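One-letter residues, chain by chain:
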Number of protein chains: 2
Amino acid sequence: MTRPDRRPLRADAARNRELLLAAAADEFAERGIDASMADIARRAGVAKGTVFAHFATKEELIAAIVGDHFAALTAVARRLLDSADPGAALLEFLTVAAGGQRQHDLAFLQTVAEGDSEVSELRNEFHASIGSLVDRARDAGAVRADITGTDVLLLICAPVHAIGFLANPEPDLWRRYLAIIFDGLRPEGANPLPRPAPSWP
Amino acid sequence: MTRPDRRPLRADAARNRELLLAAAADEFAERGIDASMADIARRAGVAKGTVFAHFATKEELIAAIVGDHFAALTAVARRLLDSADPGAALLEFLTVAAGGQRQHDLAFLQTVAEGDSEVSELRNEFHASIGSLVDRARDAGAVRADITGTDVLLLICAPVHAIGFLANPEPDLWRRYLAIIFDGLRPEGANPLPRPAPSWP
DNA sequence: CCACAACATGACCTCTCGGTCAACTTGCTA
DNA sequence: TAGCAAGTTGACCGAGAGGTCATGTTGTGG
C-alpha cells in the first residue's frame, strides 16, 4: 500500500517495510489469521519491535496487505476493460484473482480490515472496476442478465476456498471450480435466481 | 455425536453434554474457531472444568460437533436417495446443507478435526452418500457428466461462504449463490473443465 | 435411604499473544 | 564527516487462552 503519510522513509526502513509486507503475506497464507507478529518478524529477519514501528497494530498490518491486494486487482480489472472479448476478459480477471490467492487469503483478512477507511476506499474502487467488467460482459451476452458486479465480487474466493478442504490439493485444481462457477454465470441454460442481488455492503 | 464410550452417562451429565454441544456450536458459529472454551462453558451454564470433563481438548469438542453435523447430513442424503427426481433431490440436499450452516461453520472446523478417526469415518460415509446422490442425478441427466460427488462435497460451503463477505447479509441470500453454482453443475451449456476431478482426500 | 462413584466446580497453572519502551545503531544532510 | 533525527532492538508487560486438579456436590443402585 502506498503509505498515506507524506514523509519519505529512510532507505533501510523502506526495505524493511517491503520485507515485512512480504513476510506477513506469506505467513498469513500459510497459518491463517492466527499467524503471530513474532513469526512475521522472524520471517522478515527483523526484531519484533520493528514490526510495530511500521504497523501500530496487527489490524493495521492486515489492512496494508489487503489494500495492496485490492489495488493490484483493481489495476488488473482496469487493464482488461480494453479487451476485445468482454466475456474472456471477465474470466481472465477471475483467473488472475484466484491465481493470486494462496491457501488462506483475503477471504478472512478482509473482514478484519473492515474498519480501515483507506481499505474501504480501495475496496470501493475494486468493486466499481469489477462492476464495469461485468457490465461489459453482460452487454456482450457473455454472462446472464441477472448477474451483478457484487455477485462476482462475492464469488471471487469460492474456487480457492473450495479446494481448501483437501489436504494436499493440486495447486491448479481451483481452475476446475472456477470453470464450474463461471458456467453458472453464463446465459446458456440459466434458471431464474431465487433472491435479488445484494447491494454493497 | 453418539459417544464411542459404551458406559452410559448419568442423567445430569448427559444433559450437560447436550447443552455444551449446542452452546459450542452457537459460539463457533458466531465467533469462529477462536471461540474460547470459557465462553462456551458460560453459554452452556456450566463451569469451565465441566467442559474438559466431557471433552479432553478443544479439538475433541470440535470433532464431536463436526461428527454430529456429518452424521445429520448423511441421514438427509440417504433419505433423498429414494426421491423420484434425482436432480431435485441433489438440489434439495445442497439447500438443506447450506441452510444448516451459520455464519461460520464446518468450513474451518473440519480441518481441525482432520486427525480424529471417528470423524474420518463419518466423513467417508458422508462422502459416499453424496456420491450416490450425484450418481443418480448424473444418470438422470440432471447434472453434467464430468461432475463427481467429491466436486459437490467441496462446493457445499461455497454459497454460505460467499455471503460471509457482507456485513449484514439477508439470511437467505445464500440461495442466490447456490442457484448460480447449481446452474454451473447442470449439463445445459456446460463447457469442458480444465482439470480432472480430485480423488479423496 | 444410604453410600459411593460419577460428576461439577473454580482457583490455579503455564504458555503465547499483541503491544510497549528505554537504550542503542545507522542513514542522511548540512 | 559530524551530528542528529530516524529507525532498530529485545527484554518486558498484562491479558487471555487451553488445560489441571483437589475439593465439594449429586444422581443412583442396592
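For the structure itself, look to the data block above.
Residues numbered from 1 in each chain as written. Chains lettered and ligands numbered in written order. Predicted model: local features only at pLDDT ≥ 70, side-chain atom pairs only at ≥ 80, totals over all residues. Heavy atoms only, no water.

This next bit is on the overall build of chain A. For chain A, the helix and strand inventory stands at ten helices and zero strands. When the helices and strands of chain A are read in sequence order from the N terminus, they spell out α-α-α-α-α-α-α-α-α-α. For 201 residues, the compact-globule formula gives about 17 Å, and the C-alpha radius of gyration of chain A, at 18 Å, lands near that figure. Along the three orthogonal principal directions, the C-alpha set of chain A runs to about 55 × 40 × 30 Å. When the 201 residues of chain A are sorted by exposure, 48% land in the buried category. Across chain A, contacts joining residues at least 24 apart in sequence account for 69% of those joining residues at least 6 apart. Total accessible area on chain A stands at roughly 9200 Å², and carbon and sulfur atoms take up 51% of it. (Helix = DSSP H or I, 4+ residues; strand = E, 2+ residues; numbered from the N terminus. Rg over C-alpha atoms; globule rule 2.2 N^0.38 Å. Buried < 20%, exposed > 50% of the residue type's maximum accessible area, 1.4 Å probe, protein only. Contact = heavy atoms within 4.5 Å. Areas by Shrake-Rupley, 256 points an atom, 1.4 Å probe, with all protein chains shown as cover.)

Moving on, we come to the relation of the copies chain B and chain A. The transformation that overlays chain B on chain A combines an axial shift of 0.0 Å with a rotation of 180°, and the residual RMSD is 0.0 Å. The two molecules are tied by a two-fold rotation axis, judged by turn and shift. In terms of C-alpha distance to the rotation axis, chain B has B:G184 as its closest residue, with the C-alpha 1.8 Å off the axis. Looking at chain B, 100% of its interface residues are interface residues in chain A too, so the copies touch through the same face. (Least-squares fit on C-alpha atoms with pLDDT ≥ 70 in both.)

What follows covers the protein's contact with DNA strand C. Near DNA strand C there are 21 residues, and of these A:K48, A:K58, B:R10, B:N16 and B:A47 occur at the shortest range. Backbone atoms, meaning sugar plus phosphate, form 67% of the atoms of DNA strand C positioned within 4 Å of the protein. B:R10 is positioned with one of its side-chain polar atoms (N or O) 2.6 Å from a base nitrogen of DNA strand C. In this structure, B:A47 approaches DNA strand C through a main-chain N or O atom, which is 2.9 Å from a phosphate oxygen. Those elements that place two or more of their residues in the surface near DNA strand C are α1 (11–31) and α3 (48–54) of chain A together with α1 (11–31) and α3 (48–54) of chain B. For the surface near DNA strand C, the per-class residue count stands at eight nonpolar, six polar and seven charged. (Near = heavy atom within 4 Å. Polar contact = N/O pair within 3.5 Å; in protein donor to acceptor, adjacent residues only side chain to side chain. Nonpolar A, V, L, I, M, F, W, Y, C, P; charged D, E, K, R; others polar.)

Side chains of nonpolar character tend, in soluble globular proteins, to be buried together. One finds A:F93 and B:F93 to be the most contacted residues of the largest nonpolar core, which totals 129 residues. Among all residues touching B:F93, those that are not within four sequence positions of it are B:L73, B:V76, B:A77, B:L80, B:F126, B:I130, B:L133 and B:I156. (Core = buried A, V, L, I, M, F, W, Y, C linked by side-chain atoms within 4.5 Å.)

The environment of DNA strand D is made up of 21 residues, and the closest members are A:R10, A:N16, A:T50, B:K48 and B:K58. Each atom of DNA strand D within 4 Å of the protein was assigned to sugar, phosphate or base; sugar and phosphate come to 68%. The side chain of A:R10 places a nitrogen or oxygen atom 2.6 Å from a base nitrogen of DNA strand D. B:A11 is positioned such that a nitrogen or oxygen atom in its backbone is 3.2 Å from a phosphate oxygen of DNA strand D. When residues of the surface near DNA strand D are traced back to their parent elements, those giving at least two are α1 and α3 of chain A together with α1 and α3 of chain B. Its residues assigned to classes, the surface near DNA strand D shows eight nonpolar, six polar and seven charged.

On to the packing of helix α5 (residues 86–99) of chain A against helix α7 (residues 117–139) of chain A, then. To characterise two packed helices, one gives the angle between the axes of the helices and the distance between these axes. All names here are of chain A. For the pair α5 and α7, the least separation of the axes is 7 Å and the interaxial angle reads 145°. When you trace α5 past α7, the crossing you get is left-handed. Here P86, G87, L90 and F93 of α5 come into contact with α7, specifically with F126, I130, L133, V134, R136 and A137. The residue makeup of the contact of α5 with α7, split by class, is eight nonpolar, one polar and one charged. (Axes fitted to C-alpha atoms, helices over the stretch in contact; angles between N-to-C directions. Left-handed = near helix turned anticlockwise from the far one by under 90°.)

Attention now goes to the interface of chain B and chain A. Where interface size is given, it is often the accessible area lost as the parts come together that is meant. Taken together, the contacts link 44 residues of chain B with 44 residues of chain A. Summed over both partners, the interface of chain B with chain A buries about 3900 Å², with 62% contributed by carbon and sulfur atoms. By the criterion of area lost to chain A, the three top residues of chain B are B:F165, B:R176 and B:R195, representing 20% of everything that side buries. Breaking the side of chain B that touches chain A down by element, the ones donating at least two residues are α6 (106–112), α8 (149–155), α9 (158–163) and α10 (174–185) of chain B. It is α10(B) that contributes the most residues to the side of chain B that touches chain A, nine residues altogether. When the residues that make up the side of chain B that touches chain A are grouped by side-chain class, the tally is 23 nonpolar, eight polar and 13 charged. (Buried area = accessible area lost by both parts, 1.4 Å probe.)

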